[in-house]
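Listed below, chain by chain, are the residues.
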Amino acid sequence: MGLDKDTKRDWANLPEGPAGSIAERILSDDVADYVRFRATCAAWRACTVEPSAHSVLDRQFHPRRWIMLPSTLNAARRLFLNVFTGERVRVRLPDPHHCYVLGHTAEGLVLLCRKDTYIVQLLNPLTERLADLPSATTLLEERPNLDFIIPLAGHLSNDDSLSFEWSLDEELEEFSLRGAGFADDSTIALLFGFSDVAFAKPGDKSWTTQPDISPPVLSAFPFAGRFYCVTEKDIFVVETTANQQPQLVEVASYKLDVPVERFLKIYHNADMLVSFSHLFSDHNGSFEDKYRVYGANLETGELIRMKGLDGHAMFICPYNTCSIWVLALVSPMIKADTIYVCWGYKSSGRPIVEAFHTLDGSVERPNLDAGDILLTIYHVMSVLLN
């Protein structure tokens, strides 16, 4: 029987069962929408779980689709971007006068370091839950020069090396987090500097570090509940066992048909997609970047050449392994199966961007409209590039 057109639903008095079911569906999709759902009225809050009652380690409350954008003049309120919808929200972080913002994990959590105690903290920016990790003094204590900050420092000659020591505060001011995420339900793994990997979980007294891994770790990221590190020839997983320190274990070894210049990553559902950038020479002897996409089978260690990005788009920096992966649907300006290479800006202030279409290999230079998410992401990548 249909409702009379003048009949109004009393949503505030929606029965607890249906309201709870709706809340569960919303939470499985996006914790930000779940927080908004609870904020609607007292009745809906009463029949749903309070996010702040759960540990920051609880994966169901992680803002997985959100990334933190670089700091603006108002450093206390950081802008977060939903890479699935293009939505942007401002979130208040702890006072920057009292803590360093080291970066964010792939799960959307923020890594902080208190300036008074140097305790590293893990923050869920949407539920405001915090967890203490070991002190930064145990993370950086063996870093005598700038290798932990500047990836290029590892390529300096002995004559050019920067041998002076920095204070811990100076190190934290310039800390370069290249990748972070969960290795299991409680262990956080970090990739920073030239090729340093570190692990810790709440309650640990110190960080477990593996500095200067050789060949260098080019990229690191969580996938399917585990944390992976990739070098120019191997893929490692972080193994965590009770009463033992985490360690890197090789799960795949590969060889490509052309030299690898750099590694970039994306992942989606049950598949891991990896993209390698190669330096090709044309018939005139000049060089240009090309990109190939491979799927990694972690059981066999094989890399399988693939076409496309499963309908997604990836933004990359040409000089490092920073990347942002988004659904093409977030903007009509973003094309599916396309790698956007962010080169910086012209003297006029116009962005320089190349769009490499992975299905047919064509390249174009798109126009970026003011206010569009494509331009927002480009600005983010340009900051990371610099």
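These figures come from a predicted structure and were not determined experimentally.

> Any chance you could explain the sheet that holds strand 14 (residues 234-239) here in plain terms?
Across a sheet, strands are paired by hydrogen bonds formed along the backbone, either parallel or antiparallel in direction. Ordered in space as 12-13-14-15, the four strands form an open sheet in which the pairing is antiparallel. Each having just a single partner strand, strand 12 (219-223) and strand 15 (247-253) make up the two edges of the open sheet. Taken over all neighbouring pairs, the strand axes of this sheet differ in orientation by 30 degrees on average, direction set aside. Summarising the sheet, strand 13 (residues 226-230) and strand 14 pair through three bridges and their orientation is antiparallel. Bridged to valine 230 within strand 14 is isoleucine 235.

> I'm lost on the side chain of threonine 231 in this one. Help?
Looking at the element boundaries, threonine 231 is found in the loop between strand 13 and strand 14. Judged by its relative accessible area of 1%, threonine 231 falls in the buried class. Once residues within four sequence positions are removed from consideration, threonine 231 is found in contact with Pro215, Pro216, Val217, Leu218, Phe236 and Tyr254.

> Which parts of the structure should I look at to understand the sheet that holds strand 24 (residues 363-364)?
Ordered in space as 21-20-22-23-24, the five strands form an open sheet in which the pairing is mixed. Sheet topology places strand 21 (323-327) and strand 24 at the edges, where each strand pairs with a single neighbour. Pairing between strand 23 (residues 351-357) and strand 24: two bridges, direction antiparallel. Paired with phenylalanine 356 across the bridge in strand 24 is valine 363.

> What's the story with the packing of aromatic side chains in this structure? I'm lost.
Note on aromatic pairs: each is described by the distance of the centres and the angle between the planes. Summed over the entire model, instances satisfying the criterion amount to five aromatic pairs. For the cation-ring pair, lysine 115 lies above tyrosine 100, with the distance from its terminal atom to the ring centre recorded as 4.8 Å.

> Is there a simple way to explain the pairing of strand 20 (residues 312-316) in this structure?
Strand residues, when the strand is regular, have side chains that alternate between the two faces of the sheet. Across the five residues of strand 20, five count as buried, placing the element largely inside the fold. Side chains of strand 20 alternate between two faces, with His312, Met314 and Ile316 and Ala313 and Phe315 buried alike. Direction of pairing for strand 20 relative to strand 21: antiparallel, over a ladder of five bridges. Along strand 21, the bridge assignment pairs alanine 313 with valine 326.

> How should the confidence of the model for the chain be read in this particular structure?
Should the pLDDT be low somewhere, the predicted coordinates at that spot are not to be read in detail. Chain-level statistics for the chain give a pLDDT mean of 77 and a share of 72% at 70 or above. Confidence drops under a pLDDT of 50 for residues 144-164, and excluding neighbours within four residues, the segment shows 30 contacts in the predicted structure.

> Got a minute to help me understand the environment of isoleucine 324 in this structure?
Among the secondary structure elements, isoleucine 324 is positioned in strand 21. With 11 residues separating them along the chain, isoleucine 324 and alanine 313 place their C-alpha atoms 8.5 Å apart.

> Just checking my understanding: could you explain the pattern of salt bridges for this structure?
Pairing between side chains becomes possible if they bear opposite charge and their charged atoms approach one another. Taken as a whole, this structure holds 10 salt bridges when the rule is applied. For glutamate 87, the salt bridge goes to arginine 36, with nearest N and O atoms at 2.3 Å. A residue pair is termed long-range when its members are at least 10 positions apart, and glutamate 87 in the loop between strand 2 (77-82) and strand 3 (88-92) and arginine 36 in helix 2 (residues 31-39) qualify at 51 residues. With its nearest N and O atoms 2.9 Å apart, the salt bridge here joins glutamate 364 to lysine 335. In this pair, glutamate 364 sits in strand 24 while lysine 335 sits in the loop between strand 21 and strand 22 (338-345), placing the two residues 29 residues apart along the sequence. For glutamate 364, a relative accessible area of 28% corresponds to the partly exposed category. Residue class for lysine 335 comes out partly exposed when judged on its relative accessible area of 41%. Among the ionic contacts, a cluster of salt bridges with common partners joins Asp33, Arg36 and Glu87.

> What should I look at first to understand the state of the cysteines in this one?
Considering all chains together, one arrives at zero disulfides under this definition. The closest cysteine sulfur to the non-disulfide-bonded cysteine 99 is located on cysteine 113, 8.5 Å from its own sulfur. We classify cysteine 99 as buried; its relative accessible area is 7%.

> Just checking my understanding: could you explain the environment of leucine 79 for this structure?
Here leucine 79 shows up in strand 2. Between the C-alpha atoms of leucine 79 and valine 91, which are 12 residues apart in sequence, the distance is 6.4 Å. When residues no more than four places from it in sequence are discounted, the contact partners of leucine 79 are Ile67, Met68, Leu69, Arg88, Val89 and Arg90.

> Looking at this structure, I do not really get the nonpolar core. What am I missing?
General note: in soluble globular proteins, nonpolar side chains tend to be found buried as a group. Core analysis: the largest hydrophobic core is formed by 27 residues, its most contacted members being Leu111, Leu122, Leu172 and Leu190. For leucine 190, the residues in contact, after removing those within four places along its chain, are Leu111, Leu139, Leu177, Gly179, Ala180, Asp196, Val197, Ala198 and Trp207. Core analysis: the next-biggest nonpolar cluster, separate from the first, contains 16 residues, Leu81, Ala313, Tyr340 and Cys342 among them.

> Sorry, what's going on with helix 2 here?
Since the α-helix turns once every 3.6 residues, residues separated by three or four places project in the same direction. Listed in full, the buried residues belonging to helix 2 are Val31, Ala32, Tyr34, Phe37 and Arg38. For helix 2, the side-chain oxygen to backbone nitrogen distance between the N-cap and alanine 32 is 3.2 Å, and the N-cap itself is aspartate 30.

> What should I look at first to understand unusual backbone geometry in this one?
Keep in mind that most residues, glycine aside, have a negative phi and that most peptide bonds are trans. The residue tyrosine 118 is not glycine, and still its phi comes out positive at about 65 degrees. Mapped onto the fold, tyrosine 118 is located in the loop between strand 5 (110-114) and strand 6 (119-123). Even without glycine at this site, glutamate 128 takes up a positive phi of about 65 degrees. Within the secondary structure, glutamate 128 sits in the loop between strand 6 and strand 7 (130-135).

Conventions used here
Residues numbered from 1 in each chain as written. Predicted model: local features only at pLDDT ≥ 70, side-chain atom pairs only at ≥ 80, totals over all residues. Heavy atoms only, no water. Pairing = 2+ DSSP bridges. Helix = DSSP H or I, 4+ residues; strand = E, 2+ residues; numbered from the N terminus. Axes fitted to C-alpha atoms, helices over the stretch in contact; angles between N-to-C directions. Buried < 20%, exposed > 50% of the residue type's maximum accessible area, 1.4 Å probe, protein only. Contact = heavy atoms within 4.5 Å. Phe/Tyr/Trp six-rings, centres within 6.5 Å; stacked < 30°, edge-to-face > 60°. Lys NZ or Arg CZ within 6 Å of the ring centre and 35° of its normal. pLDDT = per-residue confidence, 0-100. Salt bridge = Lys/Arg side-chain N within 4 Å of Asp/Glu carboxyl O. Disulfide = S-S within 2.5 Å. Core = buried A, V, L, I, M, F, W, Y, C linked by side-chain atoms within 4.5 Å. Polar contact = N/O pair within 3.5 Å; in protein donor to acceptor, adjacent residues only side chain to side chain.

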